[in-house]
Amino acid sequence: MALMSPRLRAEGFVHGFTTRPGDPPALGPTLFQASQVHGSGVLEVRPGDHPQALRGLEADALVARSPGHAVGVRVADCVPVLLADRETGHVAAVHAGWRGLLAGVLPAALGALAGGPRGALVASVGPHIGPCCFEVASEVATRLAEGSPPAVVWKRDGERPTVDLGALAEHQLRTHGVPLVERVNLCTRCHPALFFSYRRDGPLAGRMVGFVAVRAPTGPDHANARGWSRTP
Ligand SMILES: [Zn+2]
């Protein structure tokens with residue numbers, strides 16, 4: 001089973017966030033993944049690339065532009081973000097934990113996906129550890145609070161601060177020009193039947209995959225085919 005974003009589905013993008021029992025479904029498109037290191041590196045998939053060759057390269061975001069290609073990231077508490085351009089059909093998948101969000105992996109991925117205007121971009125923020133469960137050290141909280149809206153870091157007297165990574169991801173996406181941001185607010189740690197969780201299960205926790213496939217661009221022909229019918 002995989003969760004889907006209503007908006008990405010409406011725009012015709014094959015995508016999903018797998019849940020605990022699920023591997024990514026047998027996709028028509030070829031699925032590319034990289035070796036994730038909690039950084040801000042972006043890997044661009046080129047025509048003719050082979051998934052096995054890219055799997056060993058270090059990157060936390062992948063961009064694809066060729067029909068027949070899909071990109072994916074593995075997560076177990078970190079935030080999976082899927083990006084899609086409704087006009088070009090190009091896509092990106094981003095692995096964004098607190099380190100990646102601080103390192104700027106989202107603006108790096110957005111810059112690679114769409115250097116110019118970003119009005120056609122859609123972002124879907126997948127399941128991740130919620131503010132209910134994501135306690136951090138106070139120095140981490142201080143760094144994450146810098147330049148963030150007040151809802152990102154929560155602090156009660158005598159307790160460790162907690163962080164809303166999804167709210168931080170959404171804030172960064174909107175700040176960098178993405179007009180449509182959807183968010184799944186299901187906590188991975190609170191839902192053991194649905195999700196793996198590093199915080200709950202430890203280093204042997206399994207991983208979920210967020211994936212999205214390149215779609216054909218929308219052009220005048222496409223719009224005509226949808227909007228008009230010809231009478232004989
Ligand atoms: Zn929780």
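Up top is the structure these notes are about.
Residues numbered from 1 in each chain as written. Predicted model: local features only at pLDDT ≥ 70, side-chain atom pairs only at ≥ 80, totals over all residues. Heavy atoms only, no water.

S.K.: Break down the sheet that holds strand β6 (residues 69-75) for me, citing the residues and quoting the values.
M.R.: Spatially, five strands are ordered β1-β2-β13-β6-β3 in an open sheet, and the strand pairing comes out mixed. Here the strands that pair on one side only, and so sit at the sheet edges, are β1 (2-3) and β3 (30-32). Sheet analysis places β1 next to strand β2 (residues 15-18), joined by two bridges and oriented antiparallel. Of the residues in β2, the one forming a bridge with leucine 3 is phenylalanine 17. (Pairing = 2+ DSSP bridges. Helix = DSSP H or I, 4+ residues; strand = E, 2+ residues; numbered from the N terminus.)

S.K.: I'd love a proper account of the sheet that holds strand β7 (residues 79-85), names of residues and values included.
M.R.: Spatially, β4-β5-β8-β7-β9-β12 is the arrangement adopted by the six strands of the open sheet, whose pairing is mixed. Every other strand in the sheet has two partners, leaving β4 (42-45) and β12 (180-183) as the edge strands with one partner each. Strand-to-strand twist of the sheet, defined as the mean angle between neighbouring strand axes without regard to direction, takes the value 15 degrees. Here four bridges tie strand β9 (residues 121-125) to β12, and the two strands are oriented parallel to one another. Paired with alanine 123 across the strands is valine 181, a residue of β12. Docked against the sheet, helix α4 (residues 105-113) engages β4, β5 (61-64), β7, β8 (91-96) and β9, running at close to 170 degrees with respect to β8. In the packing of helix α6 (residues 165-175) onto the sheet, contacts are made with β7, β9 and β12, and the angle to β12 comes to roughly 170 degrees. (Axes fitted to C-alpha atoms, helices over the stretch in contact; angles between N-to-C directions. Contact = heavy atoms within 4.5 Å.)

S.K.: If you had to explain α6 to someone new, which residues and values would you point to?
M.R.: Counting buried residues in α6 gives eight out of 11 residues, a clear majority hidden from the surface. When α6 is considered as a whole, its buried residues turn out to be Leu165, Gly166, Ala167, Leu168, Ala169, Glu170, Gln172 and Leu173. Near the N-terminus of α6, the side chain that reaches the backbone nitrogen of glycine 166, with its oxygen 3.3 Å away, is that of aspartate 164. Just past α6, the residue glycine 177 takes up positive phi, approximately 95 degrees. (Buried < 20%, exposed > 50% of the residue type's maximum accessible area, 1.4 Å probe, protein only. Polar contact = N/O pair within 3.5 Å; in protein donor to acceptor, adjacent residues only side chain to side chain.)

S.K.: Outline the coordination of the zinc ion, supporting the account with residue identities and numerical values.
M.R.: For a metal with four donors in a tetrahedral arrangement, the ideal angle between donors is 109.5 degrees, while six donors in an octahedron ideally sit at 90 or 180 degrees. Every protein donor of the zinc ion is accounted for by Cys132 (SG), Cys133 (SG), Cys187 (SG) and Cys190 (SG), and the metal-donor separations fall at 2.2 to 2.3 Å. Taken together, the four donor atoms coordinating the zinc ion span angles of 102 to 116 degrees at the metal, a pattern that classifies the geometry as tetrahedral. Written as a sequence motif, the donor arrangement for the zinc ion is C-C-x53-C-x2-C. Placement of cysteine 132 in the loop between β9 and α5 (138-145) and of cysteine 190 in the loop between β12 and α7 (198-201) is noted, with a sequence separation of 58 residues between them. A relative accessible area of 41% places cysteine 190 in the partly exposed class. (Donors = N, O, S within 2.8 Å, 3.2 Å for Na, K, Ca; no water. Tetrahedral: all angles 85-135°; square planar, octahedral: opposite > 155°, others 65-115°.)

S.K.: Now, about the pattern of salt bridges: what can you tell me, with residues and values included?
M.R.: Enumeration over the complete set of coordinates arrives at nine salt bridges. Residues arginine 65 and glutamate 44 are paired through a salt bridge, measuring 2.4 Å at the closest nitrogen-oxygen approach. In this pair, arginine 65 sits in the loop between β5 and β6 while glutamate 44 sits in strand β4, placing the two residues 21 residues apart along the sequence. (Salt bridge = Lys/Arg side-chain N within 4 Å of Asp/Glu carboxyl O.)

The analysis is restricted to geometry; functional conclusions fall outside its scope.
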